[in-house]
Amino acid sequence: MTSKTASKPDYLKKILTAKVYDVAQETELTFARELSARIGNNVWFKREDTQPVFSFKLRGAYNKMASLTPEELKRGVIAASAGNHAQGVALSAARLQCKAVIAMPVTTPRVKIDAVRERGGKWVEVVLHGESYSDAYQHAVELEKKQKLTFIHPFDDPDVIAGQGTIAMEILRQHPGPIHAVFAAIGGGGLISGVAAYIKAVRPEIKVIGVQTVDSDGMKRSIDAGKRVELKDVGLFADGTAVKLVGKETFRLARELVDEIVLVDTDAICAGVKDVFQDTRSILEPSGAMAVAGLKLYAQREKLKGQNLVAIACGANMNFDRLRFVAERAEVGEAREAVFAVTIPEERGSFRRFCEQLGTRNVTEFNYRIADNRVAHIFVGVQISNRAESDRIAANFRRHGFDTLDLSNDELAKQHIRYMVGGHSPLAHDELLYRFEFPERPGALMRFLSSMSPNWNISLFHYRNQGADTSNILVGIQVPKNEKRAFREFLATLGYVHWEETDNPVYKLFLA
């Protein structure tokens with residue numbers, strides 16, 4: 001079958017007769033009220049994150065295993081997976097009482113490994129091998145031959161593809177009106193292939209748009225090249241789609257049926273996680289939020305307004321440890337935070353003069369440590385409403401004599417430098433170190449600075465908005481010994497809760 005027409009009837013029949021509902025459930029199509037209002041289009045989330053294994057993968061895995069002969073089930077099955085397919089196979093194995101060996105990369109989040117063992121119980125054996133899905137896959141192929149097991153492919157199998165295609169069947173039944181486009185994440189291509197096969201057979205006017213990460217874009221590269229392209233390395237942040245080589249059948253279907261593939265970066269994915277949380281109070285894993293990130297990028301690029309757009313929220317197996325990173329990067333990904341490196345004169349009053357340029361803007365981060373007699377380098381984050389605002393803020397800083405670098409798209413700055421501003425300084429004589437608890441509202445920082453005597457110099461400043469109603473701020477202030485009494489009076493009238501840390505051994509080790 002080489003044409004669209006020839007491939008549709010076969011997959012349409014397979015999807016309509018798929019045996020997914022013994023274990024899977026029809027998931028809700030949720031209207032995203034907040035995101036819709038923000039981007040000016042009608043956005044729906046197809047909630048595959050609410051499946052029993054918190055992922056769509058259960059559909060394809062069970063559909064394949066339910067089609068096996070009794071003899072094949074008795075011998076057992078084997079699968080390779082970054083986590084979500086493994087959970088689907090494990091639950092299916094327990095349901096069908098079939099032995100299952102599952103090879104997983106060592107990079108798989110612990111939450112997924114534990115879930116696989118829990119889902120499968122005594123029927124499942126987990127084998128950890130390699131750093132990516134492709135590494136685990138090669139190991140599984142070897143075990144398949146040695147143990148004479150039946151391979152349950154996570155994406156490159158017609159029965160698996162058909163199982164995933166039931167998602168599209170539900171979407172079109174739940175939303176019978178016009179739909180501009182349906183967005184789906186792509187790893188190996190099973191989800192997008194099944195979705196595209198059904199939609200193009202039933203409603204060919206609906207666009208099917210795939211979403212990949214900029215560092216795991218095997219399907220896009222393959223389609224652009226006209227043949228499957230194997231990646232040497234893949235990014236592991238979105239581990240569920242970290243596939244080096246897409247499938248033969250999924251490549252054929254995606255090449256024929258998918259309208260476009262858009263690429264998103266880590267910040268955009270983190271923003272997508274936040275978007276879904278704000279509308280549903282659910283937390284998706286990075287791969288699960290890729291479709292949302294791609295939808296937003298596409299809608300902005302095409303200047304869409306008033307269109308009906310569907311994003312498949314395909315998984316929620318998130319490691320709790322990743323949430324801090326996601327929260328940090330979501331603001332930049334949504335263009336809600338701009339990050340700058342600003343150089344100001346190292347002289348009394350310049351710090352305050354710089355803050356006056358911020359006005360009533362919400363400062364999200366402020367890092368500074370005295371290091372030079374002539375100039376001071378400040379790392380500052382500012383809340384913004386759109387990407388263009390970042391350029392205006394930088395221009396305003398420069399107009400007032402402050403050299404400025406916009407670091408909003410600088411990976412080194414966002415991942416490392418922001419946490420490393422500081423250290424020992426021979427210039428920090430007569431320094432007192434205090435922690436203050438500030439109310440988290442505009443103007444609190446300027447009130448603090450306005451209350452200070454001009455004889456006292458700020459030599460260290462660290463602040464990060466954590467989203468609470470108060471913030472803890474660390475301040476180093478150079479106060480001459482004969483002015484200690486005046487400084488204590490200043491603290492008493494300031495009205496902010498504070499703690500002195502000058503004698504803290506950690507301060508003496510790393511900052512004093």
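Residues numbered from 1 in each chain as written. Predicted model: local features only at pLDDT ≥ 70, side-chain atom pairs only at ≥ 80, totals over all residues. Heavy atoms only, no water.

S.K.: Which parts of the structure should I look at to understand the sheet that holds strand β3 (residues 77–80)?
M.R.: Each strand in a sheet pairs with its neighbour through backbone hydrogen bonds, running either in the same direction (parallel) or in the opposite one (antiparallel). Overall, parallel pairing links the four strands, which are arranged β5-β4-β3-β6 in an open sheet. On the outer flanks of this sheet lie β5 (124–128) and β6 (150–151), each paired with one strand and no other. One ladder, built from two bridges, connects β3 with β6; its direction is parallel. Looking across to β6, one finds that V77 is bridged to T150. Each of β4 (100–104) and β5 touches helix α6 (residues 110–120); the most contacted strand, β5, lies at about 160° to it. (Pairing = 2+ DSSP bridges. Helix = DSSP H or I, 4+ residues; strand = E, 2+ residues; numbered from the N terminus. Contact = heavy atoms within 4.5 Å. Axes fitted to C-alpha atoms, helices over the stretch in contact; angles between N-to-C directions.)

S.K.: Please explain the environment of L427 as it appears in this structure.
M.R.: With respect to the element layout, L427 can be found in the loop between α17 (411–415) and β15 (431–439). Residue contacts for L427: discarding those within four places in its chain leaves I370, A371, D372, N373 and Q478.

S.K.: Would you mind going over the pairing of strand β2 (residues 42–47) with me for this structure?
M.R.: Each regular strand displays side chains that alternate between the two surfaces of the sheet. Burial analysis of β2 places five of its six residues in the buried class, the great majority of the element. Sheet analysis places strand β1 (residues 29–31) next to β2, joined by three bridges and oriented antiparallel. The residue of β2 that forms the bridge with T30 is F45. (Buried < 20%, exposed > 50% of the residue type's maximum accessible area, 1.4 Å probe, protein only.)

S.K.: How do you make sense of the packing of aromatic side chains when you look at a structure like this?
M.R.: The relative placement of two aromatic rings is captured by the distance of their centres and the angle of their planes. Scanning the entire structure with this criterion turns up 14 aromatic pairs. Ring centres of F183 and Y298 lie 5.5 Å apart, and the angle between their planes is 65°; on these two criteria the pair is classed as edge-to-face. Within this pair, whereas F183 is found in strand β7 (residues 181–185), its partner Y298 is found in helix α13 (residues 290–302), the two being separated by 115 residues in sequence. Their ring planes at 40° and their centres at 5.8 Å tell us that F487 and F490 sit as a pair that is tilted. Of this pair, F487 and F490 both sit in helix α19 (residues 484–494), three residues apart, which is roughly one turn of the helix. Pair check on accessibility: F487 and F490 agree, each one buried. A connected cluster of aromatic rings, assembled from ring pairs, spans F340, F354, F366, F397, F402 and F461. The ring of F277 is capped by R281, whose NZ or CZ atom sits 5.6 Å from the centre of that ring. (Phe/Tyr/Trp six-rings, centres within 6.5 Å; stacked < 30°, edge-to-face > 60°. Lys NZ or Arg CZ within 6 Å of the ring centre and 35° of its normal.)

S.K.: Explain the side chain of S408 here, please?
M.R.: Relative to the assigned elements, S408 resides in the loop between β14 (403–406) and α17. Judged by its relative accessible area of 8%, S408 falls in the buried class. Within the structure, S408 has its side chain in polar contact with the backbone nitrogen of V339 (distance 3.0 Å). A distance of 2.7 Å separates the side chain of S408 from the side chain of D406, its partner in a polar contact. With near-sequence residues (within four places) excluded, S408 lies in contact with V332, E337, A338, V339, S390 and K414. (Polar contact = N/O pair within 3.5 Å; in protein donor to acceptor, adjacent residues only side chain to side chain.)

S.K.: I'm lost on helix α14 (residues 323–333) in this one. Help?
M.R.: All of the buried residues in α14 are V326, E328, R329, A330, E331, V332 and G333. A335 occupies a position one or two residues after α14 and carries a positive phi of about 55°.

S.K.: Just checking my understanding: could you explain a nonpolar patch on the surface for this structure?
M.R.: A surface patch of nonpolar side chains, about 230 Å² in accessible area, is lined by L412, I417 and V421. In this structure, I417 sits in the loop between α17 and β15. A relative accessible area of 35% means that I417 is categorised as partly exposed. (Patch = residues over 30% accessible without salt bridge, like charges linked within 9 Å, V, L, I, M, F, W, Y side chains within 5 Å. Areas by Shrake-Rupley, 256 points an atom, 1.4 Å probe, with all protein chains shown as cover. Salt bridge = Lys/Arg side-chain N within 4 Å of Asp/Glu carboxyl O.)

S.K.: What's the story with the sheet that holds strand β9 (residues 260–264) in this structure? I'm lost.
M.R.: The strand order across the open sheet built from six strands is β1-β2-β10-β7-β8-β9, with neighbouring strands paired in mixed fashion. Because the sheet does not close on itself, it has two edges, and the strands there are β1 and β9. Looking at each pair of strands side by side, their axes are set apart by 30° on average, direction ignored. Here β7 pairs with strand β8 (residues 207–213) via five bridges, running parallel. When the sheet's bridge partners are listed, A185 is paired in β8 with V211. Contacting β8 and β9, helix α10 (residues 218–225) crosses the sheet at an angle of about 135° to β9.

S.K.: Can you walk me through the pattern of salt bridges in this structure?
M.R.: Oppositely charged side chains are able to pair whenever their charged atoms sit close together. Here the structure, examined in full by the defined rule, presents 28 salt bridges. Ionic pairing is found between R59 and E48, a salt bridge with its closest N-O pair at 2.8 Å. Taken together, the positions of R59 in helix α3 (residues 57–66) and E48 in the loop between β2 and α3 put the pair 11 residues apart, joining distant regions of the chain.

S.K.: Before we go on, may I ask you to explain helix α15 (residues 350–358) in this structure?
M.R.: Since the α-helix advances by 3.6 residues per turn, residues separated by three or four positions end up pointing in the same direction. Burial in α15 covers these residues: S350, F351, F354, C355 and L358. Buried residues of α15 fall within an arc of 140° about the axis and therefore sit on the same side. Positive backbone phi, at 60°, marks G359, one or two positions downstream of α15. (Arc of directions from axis to C-beta.)

S.K.: In this structure, what is going on with the nonpolar core? I would like to understand it.
M.R.: Nonpolar side chains in soluble globular proteins tend to be buried together. Core analysis: the largest hydrophobic core is formed by 72 residues, its most contacted members being V182, F183 and I312. With near-sequence residues (within four places) excluded, V182 lies in contact with I171, V195, I199, I206, K207, V208, I209, V310 and I312. Residues A376, I477, F490 and L494 belong to the second largest nonpolar core, which totals 41 residues. (Core = buried A, V, L, I, M, F, W, Y, C linked by side-chain atoms within 4.5 Å.)

S.K.: How do you make sense of empty space enclosed by the protein when you look at a structure like this?
M.R.: Over the atoms, a rolled probe matching the size of one water molecule traces out where space is still vacant. Inspection of the entire model under this criterion finds four cavities of 30 Å³ or more. Taken as a whole, the largest cavity spans an internal volume of roughly 290 Å³. Along the walls of the largest cavity sit 29 residues, with F56, K57, G187, G240 and T241 positioned nearest its centre. Class assignment for the residues of the lining of the largest cavity results in 12 nonpolar, 13 polar and four charged. (1 Å grid on protein atoms, 1.4 Å probe; cavity = no way out; pocket = protein on both sides within 12 Å on 5 of 7 lines; lining within 4 Å. Points joined across faces, edges and corners; volume = space filled by probe spheres on them. Nonpolar A, V, L, I, M, F, W, Y, C, P; charged D, E, K, R; others polar.)

S.K.: In this structure, what is going on with the environment of G163? I would like to understand it.
M.R.: With respect to the secondary-structure elements, G163 resides in helix α8 (residues 158–174). Looking at G163, the relative accessible area reads 0%, which means it is buried. Residues G163 and R33 lie 130 residues apart in sequence; the distance between their C-alpha atoms is 29 Å. When neighbours within four sequence positions are excluded, G163 is seen to be in contact with V20, R59, G60 and N63.

Take it as geometry only, folks, not as evidence of what the structure does.
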